Amino acid sequence: MLQRTTGERIALRASRAILTTCVLASVLCRFGAAAAQVAEPAMVHDFHDAKHWATVFESPERAKWQKPDEVVSALELKPGQTVADIGAGTGYFTRRFAAAMGPDGEAIGLDIEPAMVEYMKQDAARRHLKNYIARLSKPDAAGLAPHSVDLIFFCDVYHHVPGRIAYLKQLTAALRPGGRIVIIDFHRSAPVGPPAAMRIPRQQAIAEFGQAGYRMVGSKDFLPYQYFLEFVPAGAPVESGSHS
Ligand SMILES: C[S@@+](CC[C@H](N)C(=O)[O-])C[C@H]1O[C@@H](n2cnc3c(N)ncnc32)[C@H](O)[C@@H]1O
């Protein structure tokens, strides 16, 4: 067995303490840098198991409170329009948008999870919906071309997006004249959804859209567990009879 003198033991303990301190300092520095970059903390969640998540997102139980057909009808989409469904998951809404807008319109399902994008591609092919497109996006950028969409839609995604205000600011350029953003997300009090602490309260969402340069033009309250808010760029002309 290795025998150490008292001096060697003290030196060994000191070097271990320094190593631990360096590792901790490095972790804290990285955490600090990440926290500085991401002003609005987001919930990181693993959605790579698309088949599992399909059983959750597509469940008949969800449809009872998610009311997908009522949501699509409340959006008042017009034939020929283009919708970007950010964080589209299994395409729960994307396929409905594609069907609602007809062959001249386009529904683009964007997701950061390759397995979800693949799931949507197969879903679109199975349903023979040529105007249902699935595309990979980045966590901090949707990658939409300038003036390419009439509606940007977020359902149960906003709380996952890091640096939300910067993200929203980027989206303005992608909107066509008259374009809008609709967000649906969970109330803190809802009995379903992500952990309550990760939910973004309605007032916070409104404040963040305001900081990103948007004006709220409508809200709907037919969903029992979620808010439904509609925004346009702050400089957009005020429309008479705008959505309520
Ligand atoms: C709770 S699911 C909602 C799916 C779909 N919107 C629905 O209502 O059924 C959240 C989805 O957002 C995706 N996601 C998370 N962060 C994202 C980001 N920054 N940009 C785009 N998609 C994101 C996830 O991969 C996941 O598929």
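Residues numbered from 1 in each chain as written. Predicted model: local features only at pLDDT ≥ 70, side-chain atom pairs only at ≥ 80, totals over all residues.

S.K.: Is there a simple way to explain the sheet that holds strand S1 (residues 82-86) in this structure?
M.R.: Strand-to-strand pairing in sheets goes through backbone hydrogen bonds, with the strands running parallel or antiparallel. The sheet built from 7 strands is open, its strands ordered S3-S2-S1-S4-S5-S7-S6 with mixed pairing. The open sheet is flanked by strand S3 (132-136) and strand S6 (214-220), the only strands paired with a single partner. On average, each strand axis in the sheet is inclined to that of its neighbour by 20°, with strand direction left out of account. Bridge count for strand S2 (residues 106-111) against S3 is 5 bridges, and the pairing is parallel. Bridge pairing in S3 links alanine 107 to tyrosine 132. Sheet contacts for helix H5 (residues 94-101): S1, S2 and S3; angle to S2, the most-contacted strand, approximately 170°. The strands touched by helix H6 (residues 114-126) within the sheet are S2 and S3, with S3 carrying the most contacts at an inclination of about 165°. (Pairing = 2+ DSSP bridges. Helix = DSSP H or I, 4+ residues; strand = E, 2+ residues; numbered from the N terminus. Axes fitted to C-alpha atoms, helices over the stretch in contact; angles between N-to-C directions. Contact = placed C-beta atoms within 7 Å.)

S.K.: What should I look at first to understand the site of the ligand in this one?
M.R.: Around the ligand, 20 residues are found, and the nearest of them are Gly87, Gly89, Tyr92, Glu113 and His160. Of the residues assigned to the shell around the ligand, the class counts are 13 nonpolar, 4 polar and 3 charged. (Near = placed C-beta within 6 Å. Nonpolar A, V, L, I, M, F, W, Y, C, P; charged D, E, K, R; others polar.)

S.K.: Got a minute to help me understand the pairing of strand S4 (residues 149-155) in this structure?
M.R.: Residues in a regular strand point their side chains to alternate faces of the sheet. With respect to burial, S4 is a largely interior element, 7 of its 7 residues being buried. Sheet topology note: the S1/S4 ladder contains 4 bridges and is parallel. Note on S4: the bridge partner recorded for alanine 84 is isoleucine 152. Here S4 runs beside strand S5 (residues 175-186); their pairing, made up of 6 bridges, is parallel. For phenylalanine 153, the partnering residue across the bridge sits in S5 and is valine 182. With respect to chirality, the unit in which S4 leads through helix H7 (residues 164-171) into the neighbouring parallel S5 is right-handed. (Buried ≥ 20, exposed ≤ 12 C-beta atoms within 10 Å, placed from the backbone. Right-handed = clockwise from strand over helix to strand, strands pointing away.)

S.K.: Explanation requested: the confidence of the model for the protein in the structure shown.
M.R.: Interpreting fine coordinate detail is not advised for predicted regions of low pLDDT. Per-residue confidence for the protein gives a mean pLDDT of 85; residues scoring 70 or more make up 80%. Low pLDDT, under 50, characterises residues 1-38; the stretch is placed with 3 contacts to residues that sit more than four places away or in other chains. (pLDDT = per-residue confidence, 0-100.)

S.K.: What am I meant to see in the environment of isoleucine 86 here?
M.R.: As for its position among the elements, isoleucine 86 is in strand S1. A count of 24 C-beta atoms within 10 Å places isoleucine 86 in the buried class. Non-local contacts of isoleucine 86, meaning those with residues more than four positions away in its chain, are made with Leu110, Ala142, Ile152, Phe153, Phe154 and Val157.

S.K.: Teacher, can you tell me more about the nonpolar core here?
M.R.: The nonpolar side chains of soluble globular proteins are, as a tendency, buried together. Membership of the largest hydrophobic core comes to 52 residues, with the highest contact counts inside it found for Ala84 and Phe153. Among the elements that take part in this core, S4 stands out by supplying 6 residues, more than any other. Non-local contacts of phenylalanine 153, meaning those with residues more than four positions away in its chain, are made with Val83, Ala84, Asp85, Ile86, Phe93 and Val182. (Core = buried A, V, L, I, M, F, W, Y, C linked by C-beta atoms within 7 Å.)

S.K.: Any chance you could explain H5 here in plain terms?
M.R.: For an α-helix, the turn length of 3.6 residues means that residues three or four places apart are oriented alike. With 7 of its 8 residues buried, H5 lies for the most part within the structure. Within the span of H5, buried status applies to Thr94, Arg95, Arg96, Phe97, Ala98, Ala100 and Met101. The inward-facing, buried residues of H5 contact helix H4 (68-74), S1, S2, H6 and S3.

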